[in-house]
Amino acid sequence: MAKENNIVHQYFKKEMPDGKILLRVNPIQFKGTEIWVGKQGTEMRTLEFDAEIFEDLKLDGFVEVNPMEFNLYLSGLIE
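Residues numbered from 1 in each chain as written. Predicted model: local features only at pLDDT ≥ 70, side-chain atom pairs only at ≥ 80, totals over all residues. Heavy atoms only, no water.

J.: Looking at this model, I keep getting lost on the pattern of salt bridges. Mind explaining?
T.: Opposite charge on two side chains permits pairing when their charged atoms draw close. Summed over the entire model, instances satisfying the criterion amount to four salt bridges. Of the charged contacts in the structure, one is a salt bridge between Lys 20 and Glu 69, with a shortest N-O distance of 2.4 Å. Of this pair, Lys 20 sits in strand β2 (residues 19–26) while Glu 69 is found in helix α2 (residues 68–75), placing the two residues 49 residues apart along the sequence. Here the two residues Lys 20 and Glu 69 agree in accessibility, since each one is buried. One connected set of salt bridges, linked through shared partners, spans Lys 13, Glu 15, Lys 20 and Glu 69. (Salt bridge = Lys/Arg side-chain N within 4 Å of Asp/Glu carboxyl O. Helix = DSSP H or I, 4+ residues; strand = E, 2+ residues; numbered from the N terminus. Buried < 20%, exposed > 50% of the residue type's maximum accessible area, 1.4 Å probe, protein only.)

Next up, the structure:
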């Protein structure tokens, strides 16, 4: 199994009227981190997925994006 630091994560985003969801997915272990960005601030939570996660994200309107915005929120450089 791949070491955690050798995994290339995939990043997704969904814009909604009251905010946006930024998502980092580990495509090997099917784990991830979600950042909700809304008018009240940001919230983060850890998630576990099943093998259909990529199909589910597409059906839910998520688009694949580069990691920059996710990592800026994760590091606290933007709020």
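J.: Which parts of the structure should I look at to understand the pairing of strand β4 (residues 41–48)?
T.: Side-chain direction in a regular strand flips from residue to residue, so the side chains alternate between the two faces of the sheet. Taken together, the eight bridges between strand β3 (residues 31–38) and β4 define a ladder with antiparallel strand orientation. When the bridges of β4 are listed, Ile 35 appears paired with Met 44. Turn length for the β3-β4 hairpin, with the two strands adjacent in sequence and antiparallel, is two residues. (Pairing = 2+ DSSP bridges.)

J.: What exactly am I supposed to notice about α2 here?
T.: Spacing of three or four residues puts side chains on the same side of an α-helix, whose turn is 3.6 residues. Burial in α2 covers these residues: Glu 69, Phe 70 and Tyr 73. For α2, the angular spread of the buried residues around the axis is 100 degrees, confining them to a single face. Contacts from the buried residues of α2 go to β1 (10–16), β2, β3 and β4. Once α2 finishes, Gly 76 follows within two positions and takes phi at roughly 85 degrees, a positive value. (Arc of directions from axis to C-beta. Contact = heavy atoms within 4.5 Å.)

J.: How should the packing of aromatic side chains be read in this particular structure?
T.: How two aromatic rings sit relative to each other is set out by the distance from centre to centre and by the angle between their planes. Enumeration according to the criterion identifies two aromatic pairs in this entry. On the numbers, 6.0 Å between centres and 45 degrees between planes, the contact of Phe 12 with Phe 54 is tilted. Taken together, the residues Phe 12 in strand β1 and Phe 54 in helix α1 (residues 53–59) connect sequence positions 42 residues apart. The class for Phe 54 is partly exposed, based on a relative accessible area of 28%. (Phe/Tyr/Trp six-rings, centres within 6.5 Å; stacked < 30°, edge-to-face > 60°.)

J.: Hey, could you run me through a negative patch on the surface in this one?
T.: The grouping of Asp 50, Glu 52, Glu 55, Asp 56 and Asp 60 at the surface amounts to a negative patch. Counting through the fold element by element, Glu 55 comes out in helix α1. The class for Glu 55 is exposed, based on a relative accessible area of 53%. (Patch = residues over 30% accessible without salt bridge, like charges linked within 9 Å, V, L, I, M, F, W, Y side chains within 5 Å. Areas by Shrake-Rupley, 256 points an atom, 1.4 Å probe, with all protein chains shown as cover. Lys, Arg positive; Asp, Glu negative; His and termini not counted. Charge placed at Lys NZ, Arg CZ, Asp CG, Glu CD.)

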